[in-house]
Amino acid sequence: MQLRSPFAPAIALLLSLVWNTQHVVCQNMPSKSTPPCTVPRAVWAPSHAALNSKLYIQGGQAQDLSYVGQFFALDLSTAWDVQCPVWEELPSGPINFYHSSTSVPPRPTVPSDTTENMAMGTILTFKAPVDSSSLINRYDIATRTWANSSVQVLVPRRYGIDAVTNPSSGLVYLLGGYNTWLLDKMAIYDPYSDSLASEPLSEEQGSEKAQVWGLDYYSAAWVSSLQRVIYIGGTSDTYPNKTKASIELYSPAEDKWISVETKGDVPQDTDGACLAIDEIGGQAILFGGSGQLHDSNQIFFLNLDPASDAIYTWKQGQLANQSRRSMACAAYGRFFVAWGGEQRRGQLSDPGRLRLEQKSVGGPIRSDFWNIKLLAI
């Protein structure tokens, strides 16, 4: 049995945005007569998910150590002043923090065994809140309602997991995690039938699955170009000699794990980092995180283009002027957004503050530019 110490929360807030060099409009700061912006309460360790053009954030822990159930969406496809992002407040969800969210796309045809139509998609959260024994909570975008899953598990309050959806099948993959002891399974949730299956992970030294046994607080995402789930960073007391350059890839179609040693500017402080996939640029974006000595203000780009000779090569971008960990983030089109998280102990940044990173038109997100006070259209 392996015990983990409680978290020491401190709060900060960041919004980062990539902007299009051909479509940028400067905008003056709002006047004193401008109505105040509707923004989420500053929190750390919220859950987050992206679906279509929207970033959804849910829950988190505030500076006064209270847990919140707030639920907001930010549309990345419309124009808004970066000093006052147009957040849409949605019905509050479970009061929770250090939980995980993912999105499930709508199904074109609905088999008879499904639990609901999900015509506009669903947002899922994983980790039972304090007042519930339900591992999974579901938000129906069409009906704007929350509901508990009927799935019952022995350990519903699971920390350190990052839920990932295969958009083709809708299946959700939940690797490991812990609650006092480590969980040694890959859980697979079918949102259409509301059912959960699990696959044991191997403890055998040298096996592919041994690379992820005991892993938690990793960053994970679905990579369409590879048709695999990618796992980066995290902590593993079981395998403390796992190198920072090592990433793991899981193929659901083959039920196979692959360990890859990456090259280039390998990130070192990845615990609590936020990972998003830039489908246009064929790369992963990893921002923030923490290590043994400090939190990170670094951003990295990992080449995931199967046709590139530089696949699995990291490139570091320009440093942000504030560190972040345990935040929300998403990549959409030419944009990268990061919100919330821990900055410095007990300090909050301006909830309306934004940072922007430039992306060359038709190419990968550039790693050498930050800016503010722009309108993205």
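Figured I'd write up the structure that's included with this text.

Calculation notes
- Residues numbered from 1 in each chain as written.
- Predicted model: local features only at pLDDT ≥ 70, side-chain atom pairs only at ≥ 80, totals over all residues.
- Heavy atoms only, no water.
- Phe/Tyr/Trp six-rings, centres within 6.5 Å; stacked < 30°, edge-to-face > 60°.
- Helix = DSSP H or I, 4+ residues; strand = E, 2+ residues; numbered from the N terminus.
- Buried < 20%, exposed > 50% of the residue type's maximum accessible area, 1.4 Å probe, protein only.
- Salt bridge = Lys/Arg side-chain N within 4 Å of Asp/Glu carboxyl O.
- Pairing = 2+ DSSP bridges.
- Axes fitted to C-alpha atoms, helices over the stretch in contact; angles between N-to-C directions.
- Disulfide = S-S within 2.5 Å.
- Patch = residues over 30% accessible without salt bridge, like charges linked within 9 Å, V, L, I, M, F, W, Y side chains within 5 Å.
- Areas by Shrake-Rupley, 256 points an atom, 1.4 Å probe, with all protein chains shown as cover.
- Core = buried A, V, L, I, M, F, W, Y, C linked by side-chain atoms within 4.5 Å.

**Here we look at the packing of aromatic side chains**
Per the counting criterion, the structure on display carries 20 aromatic pairs. Arranged with centres 6.4 Å apart and planes meeting at 45 degrees, the rings of Trp44 and Phe97 form a pair that is tilted. Highlighted residues: Trp44 in the loop between strand S2 (24-26) and strand S3 (47-51) and Phe97 in the loop between strand S7 (87-90) and strand S8 (100-104), separated in sequence by 53 residues. On the accessibility criterion, Trp44 (0% relative accessible area) is buried. A relative accessible area of 5% means that Phe97 is categorised as buried. Between the aromatic rings of Trp44 and Tyr98, the centroid separation amounts to 5.4 Å while the plane-to-plane angle is 70 degrees, which identifies the pairing as edge-to-face. Of this pair, Trp44 sits in the loop between S2 and S3 while Tyr98 is found in the loop between S7 and S8, placing the two residues 54 residues apart along the sequence. In this structure, Trp44 and Tyr98 share a single accessibility class: buried.

**Structural notes on the pattern of salt bridges**
For side chains of opposite charge, pairing can occur when their charged atoms come near one another. In total, this model carries 5 salt bridges according to the counting rule given. Where Asp64 meets Arg41, a salt bridge forms, and the shortest distance between an N and an O atom there is 3.0 Å. Taken together, the positions of Asp64 in the loop between strand S4 (54-58) and strand S5 (71-75) and Arg41 in the loop between S2 and S3 put the pair 23 residues apart, joining distant regions of the chain.

**Structural notes on the sheet that holds S5**
Taken together, the 4 strands give an open sheet; going across it, the order is S3-S4-S5-S7, and neighbouring strands pair in antiparallel fashion. The open sheet has two free edges, formed respectively by S3 and S7, since each of these has just one partner strand. Each strand axis lies, on average, 25 degrees off the axis of its neighbour in the sheet, ignoring direction. Strand direction decides the pairing type here: S5 and S7, joined by 4 bridges, are antiparallel.

**Overview of the state of the cysteines**
Applying the stated criterion to the full structure yields 1 disulfide. Residue pairing for Cys274: its cysteine sulfur links by disulfide to Cys329, the two sulfurs lying 2.3 Å apart. Residues Cys274 and Cys329 are joined through a disulfide that is left-handed, its torsion about the S-S bond being -95 degrees. In this pair, Cys274 is assigned in strand S23 (residues 274-278) and Cys329 in strand S27 (residues 328-332), connecting sequence segments 55 residues apart. Each member of the pair, Cys274 as well as Cys329, carries the same accessibility label: buried.

**Quick word on a nonpolar patch on the surface**
On the surface, Tyr67, Ile95 and Val130 cluster together into a nonpolar patch covering about 300 Å² of accessible area. Residue position: Val130 is located in the loop between strand S9 (122-126) and strand S10 (136-140). According to the relative accessible area criterion, Val130 is exposed, its value standing at 66%.

**Some points on the nonpolar core**
Phe126, Val172, Leu175, Met186, Val229, Tyr231 and Trp257 are the most contacted members of the largest nonpolar core, which has 36 residues in total. For this core, the leading source of residues is strand S13 (residues 172-175), giving 4 residues. By size, the runner-up hydrophobic cluster in this structure holds 21 residues, among which are Val260, Ile277, Leu304 and Tyr312.

**Focus on the pairing of strand S26 (residues 313-316)**
As defined by bridge partners, strand S22 (residues 263-264) adjoins S26 across 2 bridges and the pair is classed as parallel. Paired with Lys263 across the two strands is Thr313, which belongs to S26. Looking at chain direction, strand S25 (residues 299-303) and S26 are connected through 3 bridges and run antiparallel. Residue pairing across strands places Phe301 opposite Lys315, the latter belonging to S26.

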